[in-house]
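Close look at the chain arrangement
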Amino acid sequence: MASDRRSESDEDTEVLLVMLQSLLDEQMPEEALLEALWSADGDVDLAAHALRDKRASSTRTIVTAQKAKTKRKRGGTMLENWLVLHEPVPSALAKKPRSSSKTTAPTRRRSREEAVIIVDNEESLAGPSSSKMLTMTRTPEKPKMSLLDVLRAPPNSPPASMMPKLAPMTLVTPTVIAKHTPTTLHTSILPPDLACRLYFTLLDEAEASWQRSKWFLVERLVESPHLTSFYIRDKESNEWNESAKYWYNGLEAPAAMSFPSELEEACSYVEKVVNEELEKRKRFGAEWGGDTGWKANVAAANRYKGAKEGVGFHSDGLTYLGPYPTIASLSLGTERIFRLRETIPMDEKTRTAQTFNIPLPHNSLLIMHAACQEHFKHSIPILPGSGIDVFRPPFLRDDVTDRARAYNERINVTFRFYRPDFGPESIPRCRCNVPTVLRANQKGRGRTAVDSGAAEMRYFWVCYAGAQNEGKSCGFVKVLDMKAEGRGPLLSDVLASGKSVEG
């Protein structure tokens, strides 16, 4: 019985379409016929009248997406007029009674390509009292909106591409640098003669044994544009031999070198300045809380020759440094720009990253304090075509007699304190059986709470075997759990015992 009613209804719809088309002077698409029948509740005469008079005094306006494309170039005013139309309802149509016996065209779903908007004018030809309102919208429960309002982005969450980019700021004086960044600059850190002796010593070692680091990136073998090396202060202990092997972001590197005498002498000056700074600063609970203080037990060295050698934005690996490390960067030779750029968390949509340029002259020490590696990335920008100022050392080496001799190399030594609780034996290995690297969740949601002190930064042990395994990684990821992994003592432990973490 139900099937008979369905076939009967289908047949009635076909009959109504044929009848409606016969009343029109031109062939109309079936979509338009069905739309008119639906609007007229199946009344063929009413539908025919509406279709014939739609361009003059129609009560309904049927707009398709195809027509919208032809009007799109006419400007915002025309577009809004297209979306909201006010037209009178002829009284003849409004007064015409409808028979309850008439067959009604079945309701159908409109296609997505159609945008049907019908707005009636109460002041019809027969007056407001006799006009019968015919209103049809796709979503009657919602008010009509301008398409321009729909497409406009919310005012408090502009897309990243629309956010204004901030011009880099050049910071020169130590006071300004400390105000804007988690770093401090100290000039003339070493006695002038020691700074020159160390510069020449490391230049010689760079020519003799330093190398360009190589690793796989997107399954392609790449190498660093500058020479690097790694030094261990107390090589006799063998404590950090494995860390030296994997110091460069988890990459396998040549055997470490021992501190030359000039580097050992310079290290004592650096340690003194760093520990004095730590006493002045607010500290983080996850920092090392042991009674040894900050003691540089390793150093990574880089040589940048000329303006075409540099390094892109990165943060230093935390694998053996642990959370919130302090790194002291000594600059010798020609002056170069040290560039810092803030990392913006994903849930902060209202600001863009600020970049800071810090010129680093010969014999200067830049201390990257706790949270610098977590909240910033740094680089030494390549300067093709612009050139750099050459360096003329105030003290010459014994075998050089030309006092006008100039150098275009910058030697950078980053003194680091590898924490005892992050020794090589405590580093998790991934499924590739290679030590993982420790990374901070720099752009993680909720990092604002970290900045305010209401939460701690999150860290992850990550497989980095792909850097040496033709770009193939096992995908190992593990959240750092300081207590479960037995790491410490932390400064938070010291605070819990009643001592201050301010220094």
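No experiment lies behind these values; they were computed from the predicted model shown.

About the criteria used
Residues numbered from 1 in each chain as written. Predicted model: local features only at pLDDT ≥ 70, side-chain atom pairs only at ≥ 80, totals over all residues. Heavy atoms only, no water. Helix = DSSP H or I, 4+ residues; strand = E, 2+ residues; numbered from the N terminus. Expected span 1.5 Å × (residues − 1). Buried < 20%, exposed > 50% of the residue type's maximum accessible area, 1.4 Å probe, protein only. Contact = heavy atoms within 4.5 Å. Core = buried A, V, L, I, M, F, W, Y, C linked by side-chain atoms within 4.5 Å. Pairing = 2+ DSSP bridges. Phe/Tyr/Trp six-rings, centres within 6.5 Å; stacked < 30°, edge-to-face > 60°. pLDDT = per-residue confidence, 0-100. Disulfide = S-S within 2.5 Å. Salt bridge = Lys/Arg side-chain N within 4 Å of Asp/Glu carboxyl O.

**Points about helix 11 (residues 261-278)**
With 18 residues, helix 11 extends 26 Å between its outermost C-alpha atoms, agreeing within 8% with the 26 Å of an ideal straight helix rising 1.5 Å per residue. Every buried residue of helix 11 is listed here: Glu262, Leu263, Ala266, Cys267, Val270, Glu271, Val273, Val274, Glu277 and Leu278. Among the structural elements, strand 6 (183-187), helix 9 (192-208), strand 9 (227-232), strand 13 (327-333), strand 16 (364-368) and strand 18 (409-416) are those in contact with the buried residues of helix 11.

**Topic: the nonpolar core**
Phe338 and Tyr459 are the most contacted members of the largest nonpolar core, which has 44 residues in total. Of all elements in the fold, only strand 9, strand 11 (298-305), strand 14 (336-342), strand 15 (355-360), strand 16, strand 17 (376-380), strand 19 (437-440) and strand 20 (459-462) reach the threshold of two or more residues within this core. Beyond its immediate chain neighbours, meaning those up to four positions away, tyrosine 459 contacts Leu318, Pro323, Tyr324, Glu374, Leu438, Arg439, Ala440, Lys478, Val479 and Leu480. Ala195, Cys196, Trp288 and Phe415 belong to the second-largest nonpolar core, a separate cluster that totals 39 residues.

**Structural notes on the pairing of strand 9**
Across the six residues of strand 9, six count as buried, placing the element largely inside the fold. The two faces of strand 9 match: Leu227, Ser229 and Tyr231 on one face and Thr228, Phe230 and Ile232 on the other face are all buried. Bridge count between strand 9 and strand 11: six bridges; the pairing is antiparallel. Residue tyrosine 231 lies in a different strand from strand 11, and its bridge partner there is alanine 299. Here strand 9 pairs with strand 10 (residues 257-258) via two bridges, running parallel. Its bridge partner lying in strand 10, tyrosine 231 is registered against methionine 257.

**Here we look at the sheet that holds strand 14**
In sheet architecture, strand pairing relies on hydrogen bonds along the backbone and comes in two forms, parallel and antiparallel. With mixed pairing, the five strands of this open sheet are ordered in space as 5-15-14-17-12. Strands at the two margins of the open sheet, each flanked by one partner only, are strand 5 (169-170) and strand 12 (311-314). Across six bridges, strand 14 lies against strand 15 in antiparallel orientation. Pairing of arginine 339 across the sheet is with asparagine 357, part of strand 15.

**Some points on the environment of proline 191**
With respect to the helices, strands and loops of the structure, proline 191 is situated in the loop between strand 6 and helix 9. Separated by 78 residues in the primary sequence, proline 191 and tyrosine 269 place their C-alpha atoms 9.4 Å from one another.

**Looking at the packing of aromatic side chains**
Tallied over the full model, the rule gives eleven aromatic pairs. Centre to centre, the rings of phenylalanine 284 and tyrosine 324 are 4.1 Å apart; their planes meet at 5°, and the pair counts as stacked. Taken together, the residues phenylalanine 284 in the loop between helix 11 and strand 11 and tyrosine 324 in the loop between strand 12 and strand 13 connect sequence positions 40 residues apart. Given a relative accessible area of 23%, phenylalanine 284 falls into the partly exposed group.

**What to know about the confidence of the model for the protein**
Averaged over every residue, the pLDDT of the protein is 76; residues scoring 70 or more account for 66%. Every residue in residues 99-140 scores below 50 in pLDDT, and together they form 87 contacts with partners more than four places removed in sequence or on other chains. Contacts from residues 144-153, a stretch scored under 50 in pLDDT, to residues over four places away or in other chains number twelve contacts.

**Topic: the environment of proline 394**
Tracing the chain through its elements places proline 394 in the loop between strand 17 and strand 18. Given a relative accessible area of 46%, proline 394 falls into the partly exposed group. In this structure the C-alpha to C-alpha distance between proline 394 and alanine 195, which are 199 residues apart in sequence, comes to 9.8 Å.

**Considerations on the pairing of strand 16**
With five of five residues buried, strand 16 lies mostly within the body of the structure. Of the two faces of strand 16, both are covered, the one formed by Ser364, Leu366 and Met368 as well as the one formed by Leu365 and Ile367. Bridge analysis of strand 6 against strand 16 gives five bridges, and the strand direction is antiparallel. The residue bridging leucine 185 from the neighbouring strand is leucine 366, located in strand 16. Relative to strand 16, strand 13 runs antiparallel, the two sharing five bridges. Among the inter-strand pairings, serine 331 is bridged to a residue of strand 16, identified as serine 364.

**A word on the state of the cysteines**
By definition, a disulfide links two cysteine residues through a covalent bond between their sulfur atoms. Counted under the stated rule, the structure contains zero disulfides. Cysteine 430 forms no disulfide, and the closest cysteine sulfur to it belongs to cysteine 463, at a distance of 3.6 Å.

**Some words on helix 9**
Each turn of an α-helix holds 3.6 residues, which means side chains three or four residues apart point in the same direction. Taking 1.5 Å of rise per residue, 17 residues should cover 24 Å, and helix 9 covers 25 Å from first to last C-alpha, within 8% of that figure. Among the residues making up helix 9, those that are buried are Leu194, Ala195, Cys196, Leu198, Tyr199, Phe200, Thr201, Leu202, Leu203, Glu205 and Ala206. Buried-residue contacts for helix 9 involve strand 9, strand 10, helix 11, strand 11, strand 13 and strand 18.

**What to know about the pattern of salt bridges**
Throughout the structure, instances matching the rule amount to 13 salt bridges. Of the charged contacts, one joins glutamate 265 and arginine 197 as a salt bridge, the two residues approaching to 3.7 Å between their closest N and O atoms. One end of the pair, glutamate 265, is in helix 11; the other, arginine 197, is in helix 9, with 68 residues separating them in the sequence. Close ionic contact of glutamate 207 with arginine 303 constitutes a salt bridge, the shortest N to O distance being 2.8 Å. In this pair, glutamate 207 sits in helix 9 while arginine 303 sits in strand 11, placing the two residues 96 residues apart along the sequence. Connected through salt bridges with shared partners, the residues Arg233, Glu264 and Glu271 form a single ionic network.

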